[in-house]
Structures are given as structure tokens and as C-alpha cells.
Amino acid sequence: MSQTNNIYDLAVNGVRQLVPYIAGKPIEELERELGLTNIIKLASNENPLGPGKKALAAIQAALPKLTLYPDGNGFNLKAALAKKYALNVDQITLGNGSNELLELVARAFLAPGLEAMFSQHAFAVYPIVTQAVGANAVIVPALHFGNDLEAMAARISDLTRVIFIANPNNPTGTLLSQADLEQFISALPKHCLCVLDEAYFEFVGDKEGINSLDWLKQNPNLIITRTFSKAYGLAGLRIGYGLSSPEIADILNRVRQPFNNNALALVAAEAALEDTDYLQQTIAVNSQGMSELTAGFKSLGLEWIPSAGNFVSVDLKRPGQSVYEALLRKGVIVRPVANYGLPNHLRISIGTPAENQFFLKALAETLANV
Ligand SMILES: *Cc1c(COP(=O)(O)O)cnc(C)c1O
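Residues numbered from 1 in each chain as written. Predicted model: local features only at pLDDT ≥ 70, side-chain atom pairs only at ≥ 80, totals over all residues. Heavy atoms only, no water.

Draft legend 1. Just the overall build of the protein, in detail. Scanning the protein from N- to C-terminus turns up 14 helices and 13 strands. The C-alpha radius of gyration computed for the protein amounts to 21 Å, which stays within 12% of the reference 21 Å derived for 370 residues, consistent with globular compactness. Principal-axis analysis of the C-alpha atoms gives the protein an extent of 55 × 55 × 50 Å. The buried share of the protein, reckoned over its 370 residues, is 51%. The long-range fraction of contacts in the protein, counting pairs at least 24 apart against all pairs at least 6 apart in sequence, stands at 74%. With the model as given, the accessible surface of the protein reaches about 17300 Å², and the carbon-plus-sulfur share is 55%. Positive and negative side-chain charges in the protein, numbering 29 and 34 respectively, have mean positions lying 3 Å apart. (Helix = DSSP H or I, 4+ residues; strand = E, 2+ residues; numbered from the N terminus. Rg over C-alpha atoms; globule rule 2.2 N^0.38 Å. Buried < 20%, exposed > 50% of the residue type's maximum accessible area, 1.4 Å probe, protein only. Contact = heavy atoms within 4.5 Å. Areas by Shrake-Rupley, 256 points an atom, 1.4 Å probe, with all protein chains shown as cover. Lys, Arg positive; Asp, Glu negative; His and termini not counted. Charge placed at Lys NZ, Arg CZ, Asp CG, Glu CD.)

Draft legend 2. Structural detail: the pattern of salt bridges. Taken as a whole and assessed by the stated rule, the structure comprises nine salt bridges. The closest approach of N and O atoms between Arg-226 and Glu-198, which form a salt bridge, is 2.7 Å. A residue pair is termed long-range when its members are at least 10 positions apart, and Arg-226 in strand β7 (residues 222–227) and Glu-198 in the loop between β6 (193–197) and β7 qualify at 28 residues. Residue Arg-226 is classed as buried on the basis of its relative accessible area of 0%. The residue Asp-250 makes a salt bridge to Arg-254 at a minimum N-O spacing of 2.8 Å. On the criterion of helical spacing, the pair formed by Asp-250 and Arg-254 is a turn pair, its members being four residues apart in helix α10 (residues 246–255). In this structure, a network of salt bridges that share partners links the residues Lys-25, Glu-29 and Glu-33. (Salt bridge = Lys/Arg side-chain N within 4 Å of Asp/Glu carboxyl O.)

Draft legend 3. Looking closely at the packing of aromatic side chains. Applying the stated criterion across every chain yields a total of 12 aromatic pairs. Taking 5.7 Å as the distance between ring centres and 80° as the angle between the ring planes, the aromatic pair formed by Phe-123 and Tyr-126 counts as edge-to-face. Tyr-126 shares its class with Phe-123; the two are buried. A centroid spacing of 6.4 Å and a plane angle of 90° characterise the contact between Phe-297 and Phe-359, whose relative ring orientation is edge-to-face. Of the two residues, Phe-297 sits in helix α12 (residues 276–299) while Phe-359 sits in helix α14 (residues 353–369), which places them 62 residues apart along the sequence. Per residue, the accessibility class of Phe-297 equals that of Phe-359, and both read buried. (Phe/Tyr/Trp six-rings, centres within 6.5 Å; stacked < 30°, edge-to-face > 60°.)

Draft legend 4. Inspection of the environment of Glu-202 at higher detail. Among the secondary structure elements, Glu-202 is positioned in the loop between β6 and β7. Glu-202 sits 77 residues away from Leu-279 along the chain, and the two C-alpha atoms are 8.4 Å apart. Here Glu-202 is in contact with Thr-227, Ala-231, Tyr-232, Leu-279 and Ile-283, once residues within four sequence places are set aside.

Draft legend 5. Fine view of α14. Between the first and last C-alpha of α14 there are 25 Å, a value that for 17 residues agrees with the 24 Å anticipated at 1.5 Å per step. Where α14 is concerned, the buried positions are Asn-356, Phe-359, Leu-360, Ala-362, Leu-363, Thr-366 and Leu-367. Viewed end-on, α14 has its buried residues packed into an arc of 170°, placing them on one side of the element. The outward face of α14, more than 90 degrees from its buried face, is lined by the exposed residues Ala-354, Lys-361, Ala-368 and Asn-369. Elements that come into contact with the buried residues of α14 comprise β1 (40–41), α12, α13 (320–329), β11 (332–333) and β13 (345–349). (Expected span 1.5 Å × (residues − 1). Arc of directions from axis to C-beta.)

Here's what the structure looks like:
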């Protein structure tokens, strides 16, 4: 055994070269750094309305039981999801955020020598979970900032085990047609899993009368992931879910932690599913905010990538980092996306009308000064 003084040399290959995920800057951090108050954060695609009343009431009611372990099988939440989507309980996997599902898929289906595929400008967690297990990433050039399904199909090899597709995609907001997606998924070779990441599914309006859940029957190699972090406003609790064949769910269940969902997340998510008023309000605030922001960009002479999510990436025609930093000094946190191969864009999460106006004013002032 060779001697080393460097702990980094002991980390496994994939991990040694990993670059950690860059999260949106927390409000408290900017408060500490600049001594500002009244900071607004439009950086992590969180719900600007705050959590719904029903979720909060369920959390309150569950507090006295926190000495007990949570239900490791999430019986009640799975039953509620199964009912809502007309699926069987054995097709559902709960995760600590839908991020955990991405990681469970990588652990269960990828290894050194195997390949995961995803698009240029795809969600940053896909390369991280792929590299962490030592698998190779095949990154397919984007088409109009989105997934190029034809190019992806052409790159599938005997070694391809997992294809990650976010629809809508984050950070570009691009949306694939359901018909094209269905065709792509049904033509996949049997040795190849598709993770269809629908973190922003609730924000997509017209779905062409086609529902991705209908594809599960014919495609045992499909897993659809969704989350309570975005439209349901529970990002801080960390809860998401996968919908798949019972076989995929069984495999993921073997590698997950026994209590991967905390007790408050389980009850809050179940209550949130019932809160249709909150969901409708969320969607209305989002579509109004999207119009406000894009109208503001237009009047500033800026172009943006049309988005189906609760965020929009705007092209500043200059390095986004300097505009980002100037906005921070005005108390607005947005998201640089240079690490996604978009150095001149910033991604803005849709806020409340007041937040959107505050941001647009700060942006106009910033652009007038740089
Ligand atoms: C936000 C997001 C997720 C999910 O995050 P969780 O909070 O872990 O559920 C997954 N995929 C994409 C593309 C996202 O933007």
C-alpha cells in the first residue's frame, strides 16, 4: 500500500474530482455580509407565497410526536399520492427531496464503465450523482437551450444506463412536447432507464391532453420524479417522490435510508396535496409574475429564454456575474448560471408582484450603471 499524506488521495476517483453543487445564496448570509435588511431572494425557484395553511397546520399537529421515528414507508403519503394519480402504492418511492431519487437511481443503476446521458444546460445534480458513483457522463449539445431528443437517441450505447431529462428544464425553462417525449421514451432500448424529472410539472399549463404517467404501464424503465419543493412550497422540508414500475421502486427501496423522510415532511406533504386553493393561487401568481418580468425585460431591451417553469433566464449580453453582484448590493439575490454554460444569463425565480417590481427596478438601475 502506497503511503500518502493527502486525505484527498484517499477519496474515490469520481468524488476527488467533484465540484460541489452551488446553491442560491441564503438570505441570512447576505444579511451578515452586507448588513442589509429586507433582502429578497429570487434564486432557488422557491414558492414566494410561503407554505400553505394546511401544511402548516399539519406540521403544528405533528410536533408533539417528534420523539418517535417517522413512518419509514410513508404509508399515508403514498396512499394519498396513489389515489391522486391512480397508481399502485408499490409504484411510489419517497425521497428526501426529489434530489435524493436522482442519487438513488445513480447508486442503483450506474457504476464505473457505465454511462449516464443528459443535455448541455441540464440540472447540475445529474453530473454530480453520475460522477460520484464513477460513471461516465455523456453530455449532448442542447437544441434552442433545451433537450435535443434526436441527438440524445443517436448517442445511446450499450453502456448507457440512465438518461436524465428535466421537463421543463432548469435553468433554461424549455419544455419538450409530450408527444415527442412519449415517442423518445417508448423507443428506448430495454437496458436504458429514463429519469423524467418533472420538478416544475405543476406550472405547465396545456399538456396536449397527454399525461406522462400513462407511459408507466408500457415502460418499466421509466421513472418520473416530482417534488413538494416548488409549487407546493415546502423546499425547506425536503420531500419529493418517484413514480415508476414496481420493479424500479423495489430496487430504489433497497438502497435508501430506512427513515429518509422526516415526520414533518410526511404530514405536511400529505396536507399540501389537498390544498388545491394554494396550488391554484401559486400558479396564478406565477403566470402573472412571468408576464411582469418578461414585460420588464422587454422594456429594458433584453432577451430571455421562454420558460414553462417558475423562473426565467435572461440574457444580459454581458457577464452575468457582475450584474449579480450589483444586484446583491441592492438586496436582491438571483442566480448566476455560468456553471450551466450560460455566462451572460441570470436565472430569476418568479416572486410576488412586489418582489418582481423591486427586482426590475434594481436591474434597471444596475444596467444603467455598468
Ligand atoms: C428544484 C429541482 C429539483 C428538486 O429539488 P428537491 O428540492 O430535491 O425536490 C429537481 N430537479 C430539478 C430540475 C429542479 O430544478
